[in-house]
Each structure stands twice: as structure tokens, then as C-alpha cells.
Amino acid sequence: MSLAGADYQSQYQRISQKMLDISGDRGVLKDVIREGAGDLVTPDASVLDITLWGMELGLLSMRKGELARFLFKPTYAYGALGCPPLIPPNATVLFEIELLDFLDSAESDKFCALSAEQQDQFPLQKVLKVATTEKELGNYLFRQKRFYDAKVRYKRALLLLRRRLAPPEEQRLVEATELLILLNLALAYLKLHRPATALHYGEQALVIDQKNAKALFRCGQACVLLTNYEQARDFLVRAQKEQPFNHDINNELKKLSSYYKDYMDREKEMCHRMFASGENGSTVGEH
């Protein structure tokens, strides 16, 4: 919502009167609608893409779960040009922002920079927390289609878990987190057109949970890309057994059937040509 025109002053004064100045020059004003909890957003945190300077300042004043209303003066918003046709020039804009969650990459980066011996001094829960943060950062990058950067985060999370020995009573927690990371790695490598590596991580996920439908499906997809159609069918049929009505699995099986038919037709044609060539060679030899 933009505030411009004849009623600008009255609206601005009425709305801004009780709002908190968070920029120091009343360029960004804030009114908390619902309180959040926990720590404030850190400058290194990953949230949705930020397009306005005022929005960045606003987010740094918020906590997880908070809902707030902000007024941004033109300098902190769209400036002298505005954003036609919706935002006129030199407009003060009103935003309501709800902070659902954020990821503190600084804490994770500091922990990952420690040596293995230093990391071992921390409890397992800390390792799990950092590994989960790395996974979520990978997910954030994946949603932006930055698949290479996403797999780097996933691999870092996996390394953290694998170089830490967990007592038997906590091994399930470690494996549950590791399984999710392996599934994400398999998908990231499929997106990077590296099916052999995707298959590698998918098969590692199956070591943890041999009936996991996502792992079976991703292994099947990888095998299709590798033209290993028989193995692909084995994985996909097992995935379908776990989730009979899964649309993606059933579609992949249909595609596989078409690919396999084309493959067999080409194989038959090749054999026919080789046989015909052999017959011709024998005939020539008899003359």
C-alpha cells in the first residue's frame, strides 16, 4: 500500500504516530502486531529475497513468528522513481511482514570451521542442530535452483554426521537426519545431470531405510538416465509397492516402458543388421 496524494500527511501522521523508529531518522517505522520468540534475525541469516533497504532493516528487528507493520519512507523503499504502475514516485509504503523462520548461517559456518577435535567437545545435539541448519540452507539454495551450492551444503551436513560417533540410543536421531540429507543429495545430483552420483547417494539412503519410496524412486530415475532399464524397473516397482498411488512414480514407470520398448526395438534392429551382414559375408566367401 502506498501513501501519496492530498491525504498523505494525515494518513502518514495517523499511522506513524505510535510506531517505533528503527532507522534513527524515522525513515523506517515499526508496529508489532504479534510478538515473536527467540533471537533476533542476524545479518548473516538466510530469509526470502530482500528487495528493499527498509525491509532489510525491518527484518533485522524481528523474531521468529513475529507479525509487524512497517512504514518505509521513499529513501528506504522505491525512491524518487517509484515502481510504476503500482507505486507512484516518492511514495511512503506500508508493509505487513510475518517472519515464519530464518536460518543463522553464521553459527553454522563457525562450527564447521572448527577442527574435528574441537567439534567433538560439543554434545551431539549441537552437531545435529548444525547439520540440520546446513540441510535447510541447502534447501533454500535448491529452491533458488542453485543446485551446485545446495549440494555443497548437503555434503557438509553429511560430513558432520559421519565423523561423529553416536551412542546406540542416539543413533536413530543421526540416521533420521542423515537419511533426509542423502535423499536431498540424490535429487541435487539428478538436477546437476550426474545420475551415477545420484544413484550412489540413493543407494546409501536405502541402506538406512530399504523401503524408502523416495530413495527407490530417485535410484530408479538415475538408472533411467544411465539407460540401465532393468535396474530402473526394479527400483521403480519397489517404490510403487510402497506408494501405489504416487503420481510421479507411476508416470516414471510409464516413461520407462516407452524407453525400454524403443531400446529393445533398436537392439533388434542392430541384431538384424549384424545377422544380415554375416549372411552376406558368408555368401561372398562361397563364391
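Cut-offs used in this document
- Residues numbered from 1 in each chain as written.
- Predicted model: local features only at pLDDT ≥ 70, side-chain atom pairs only at ≥ 80, totals over all residues.
- Heavy atoms only, no water.
- UniProt positions renumbered as here; feature names shortened; annotations may be inferred.
- Helix = DSSP H or I, 4+ residues; strand = E, 2+ residues; numbered from the N terminus.
- Contact = heavy atoms within 4.5 Å.
- Areas by Shrake-Rupley, 256 points an atom, 1.4 Å probe, with all protein chains shown as cover.
- Phe/Tyr/Trp six-rings, centres within 6.5 Å; stacked < 30°, edge-to-face > 60°.
- Buried < 20%, exposed > 50% of the residue type's maximum accessible area, 1.4 Å probe, protein only.
- pLDDT = per-residue confidence, 0-100.
- Axes fitted to C-alpha atoms, helices over the stretch in contact; angles between N-to-C directions.
- Parallel < 35°, antiparallel > 145°, perpendicular 65-115°, else oblique.
- Left-handed = near helix turned anticlockwise from the far one by under 90°.
- Nonpolar A, V, L, I, M, F, W, Y, C, P; charged D, E, K, R; others polar.
- Expected span 1.5 Å × (residues − 1).
- Arc of directions from axis to C-beta.
- Salt bridge = Lys/Arg side-chain N within 4 Å of Asp/Glu carboxyl O.

The protein chain carries the name peptidylprolyl isomerase in an unreviewed UniProt entry, which gives Heterocephalus glaber as its organism. Under the heading Catalytic activity (unreviewed entry), UniProt records this for the protein chain: "[protein]-peptidylproline (omega=180) = [protein]-peptidylproline (omega=0)".

S.K.: Explain the overall build of the protein chain residue by residue, including any values.
M.R.: Of regular secondary structure, the protein chain possesses 11 helices and 9 strands. Long-range contacts, defined as pairs at least 24 residues apart, comprise 61% of the intrachain contacts of the protein chain with a sequence gap of at least 6. When the accessible area of the protein chain is evaluated, it comes to approximately 17300 Å², of which 54% is carbon and sulfur surface.

S.K.: Quick one: what's the story with the packing of aromatic side chains, residue by residue and with numbers?
M.R.: Tallied over the entire structure, the rule returns 7 aromatic pairs. Both rings, one in Y229 and one in Y259, keep their centres 6.5 Å apart while their planes meet at 35°; by these two values the pair is tilted. Residue Y229 is found in helix α10 (residues 229-242), and its partner Y259 is found in helix α11 (residues 247-286); the two are separated by 30 residues along the sequence. For Y229, a relative accessible area of 10% translates into the label buried. One aromatic cluster in this structure is built from F70, F72 and F95.

S.K.: Tell me what's going on with the confidence of the model for the protein chain, and back it up with residues and numbers.
M.R.: Looking at the protein chain as a whole, the pLDDT averages 87, with 86% of positions reaching at least 70. Per-element confidence in the protein chain is highest for helix α8 (residues 195-208), whose mean pLDDT is 98, and lowest for strand β1 (residues 2-3), whose mean pLDDT is 52.

S.K.: Would you mind going over unusual backbone geometry in detail, with residue names and values included?
M.R.: Omega for the peptide link from P84 to P85 comes to 0°, which places this bond in the cis form. Mapped onto the elements, P85 comes out in the loop between β7 (67-72) and β8 (92-98). Backbone geometry places H193, a non-glycine residue, at a positive phi of 60°. Counting through the fold element by element, H193 comes out in the loop between α7 (168-191) and α8. Relative accessible area serves as the criterion here: at 69%, H193 is assigned to the exposed category.

S.K.: Give me the packing of helix α9 (residues 213-225) against α10: which residues, what numbers.
M.R.: Between α9 and α10, whose axes approach to 8 Å, the crossing angle comes to 160°. With respect to α10, the axis of α9 lies roughly antiparallel. By crossing handedness, the relation of α9 to α10 is classed as left-handed. Contacts from A213, L216, F217, C219, G220, C223 and V224 of α9 reach α10 at Y229, Q231, A232, F235, L236, R238, A239 and E242. Residue composition of the contact of α9 with α10, grouped by class: 11 nonpolar, 2 polar and 2 charged.

S.K.: Go over α10, please, and point to the residues and values.
M.R.: Spanning 14 residues, α10 covers 20 Å between terminal C-alpha atoms, matching the ideal 20 Å at 1.5 Å per step. Among all positions of α10, only Y229, A232, F235, L236 and A239 are buried. Projected onto a plane normal to the axis of α10, the buried residues spread over an arc of 125° and lie on a single side. Turned more than 90 degrees away from the buried face of α10, the exposed residues are E230, R233 and K241.

S.K.: I'd like a rundown of the pattern of salt bridges, residues and numbers included.
M.R.: Under the criterion given, the structure shown has 16 salt bridges. For E98, the salt bridge identified is with R34, shortest N-O distance 2.8 Å. Taken together, the positions of E98 in strand β8 and R34 in strand β3 (residues 28-34) put the pair 64 residues apart, joining distant regions of the chain. For E98, a relative accessible area of 43% puts it in the partly exposed group. R34 gets classed as partly exposed once you look at its relative accessible area, which sits at 37%. Of the charged contacts in the structure, one is a salt bridge between R146 and D149, with a shortest N-O distance of 3.2 Å. Judged by its relative accessible area of 40%, R146 is partly exposed. Residue D149 is classed as partly exposed on the basis of its relative accessible area of 32%. Counted as one network, the salt bridges with shared partners bring together D109, E134, R153 and R156.

S.K.: Pulling in residues and values, what's your account of the environment of G58?
M.R.: Structurally, G58 can be placed in helix α2 (residues 53-59). Of the residues examined, G58 reaches a relative accessible area of 0% and is grouped as buried. For the pair G58 and S23, spaced 35 residues apart in sequence, the C-alpha to C-alpha distance is 8.8 Å. Other than its neighbours up to four places away in sequence, G58 contacts I22 and F70.

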